[in-house]
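Geometric and topological summary
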Amino acid sequence: MMDIDPIHAFTAVVAQRNIRPFSKAILCCSKIGGSDLSISTTQDAISFSTLNQSQSSIATFRFSRQFFTKFWLDHPIKCKVNLRQMLLAFRSLTRTKEITFNLAEDGNVLVMENMTHSGIKIKYSFSFEDQDTILEADFSRQDLSCIACKAKIFQHRILDNFATGLNEISLV
């Protein structure tokens, strides 16, 4: 049984082997050009989405509970955080052993803790806003396309081929 602080409505831990694909997903959301990162949780997954300023493109990354070493959810949550602020927490992850996310609804704060190999905890706090509607792409429609592959393949075959200074990536 894992120790859960009762004030947290959500806790997830990203292990070292999944830190790079996770951080690449958040970085990819920032490349779309949105200012906010929408977070939506269910009992079996967490989704991160962003919409660009002209509202013409969306990026959504969905991570199942198996992606995380620990995943606990009191009830479904829909909120948004400032994407630019969150990117600061992903600057130096080379010495990070694990990343822990805690969402405390009473203070509207998303806490991200980076645990280093030397035992140092680096804590980031992000204020969030509740969101009634969440950004989601509906891939059940027949006229839309969905690309699905393992995260490692996506990272090495697709993301690594793009320059870091690009403003837009379109997959057609």
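Data block above holds the structure.
Read on for an overview of the structure. (Residues numbered from 1 in each chain as written. Predicted model: local features only at pLDDT ≥ 70, side-chain atom pairs only at ≥ 80, totals over all residues. Heavy atoms only, no water.)

1. Quick notes on the packing of aromatic side chains
The cut-off we apply is this: Two aromatic rings, drawn from Phe, Tyr or Trp (for Trp, its six-membered ring), form a pair once their centres lie within 6.5 Å of each other, and the interplanar angle then sorts them: stacked below 30 degrees, edge-to-face above 60, tilted otherwise. By definition, any uninterrupted DSSP run of H or I lasting at least four residues is a helix, any uninterrupted run of E lasting at least two residues is a strand, and each is numbered from the N terminus. Working definition: with a 1.4 Å probe on protein chains only, accessible area under 20% of the residue-type maximum means buried, over 50% means exposed, and in between means partly exposed.
Evaluated as defined, the whole model comprises twelve aromatic pairs. Plain terms: the ring middles of Phe-22 and Phe-67 are 6.3 Å apart, the flat faces sit at 35° to each other, and that makes the pair tilted. In this pair, Phe-22 is assigned in helix H1 (residues 16–32) and Phe-67 in the loop between strand S4 (58–64) and strand S5 (70–73), connecting sequence segments 45 residues apart. Each of the two residues, Phe-22 as well as Phe-67, counts as buried.

2. Brief notes about the sheet that holds strand S1 (residues 10–15)
Threshold: Between any two strands, pairing holds if DSSP finds at least two bridges. Note on definitions: angles span 0 to 180 degrees between N-to-C directions of axes, and those axes are lines fitted to C-alpha atoms, for helices only across the stretch in contact.
Pairing within the open sheet is antiparallel, and its nine strands lie in the order S4-S3-S2-S6-S9-S8-S7-S1-S5. Edge positions in the open sheet fall to S4 and S5, since each of these has one partner strand only. Shown here is a sheet whose adjacent strand axes are inclined to one another by a mean of 25°, direction ignored. Relative to strand S9 (residues 121–130), strand S6 (residues 78–82) runs antiparallel, the two being bridged by three bridges. When the sheet's bridge partners are listed, Lys-80 is paired in S9 with Glu-129.

3. Quick notes on the pattern of salt bridges
A side chain of one charge can pair with a side chain of the opposite charge when the charged atoms of the two come close. For the record, the criterion: When a carboxyl oxygen of Asp or Glu lies within 4 Å of a side-chain nitrogen of Lys or Arg, that pair is called a salt bridge.
Inspection of the entire model under this criterion finds four salt bridges. Put simply, Asp-44 and Arg-62 hold a salt bridge, and the shortest N to O gap is 3.6 Å. Of this pair, Asp-44 sits in the loop between strand S2 (36–42) and strand S3 (45–51) while Arg-62 sits in strand S4; the two residues are 18 residues apart in sequence, bridging distant segments of the chain. On the basis of relative accessibility, which here comes to 54%, the residue Arg-62 falls in the exposed class. Between Lys-121 and Glu-113 there is a salt bridge, with its nearest N and O atoms 3.8 Å apart. According to the relative accessible area criterion, Lys-121 is exposed, its value standing at 53%. Glu-113 sits in the buried class, given a relative accessible area of 16%. Where salt bridges share partners, they join Glu-113, Lys-121 and Lys-123 into one cluster.

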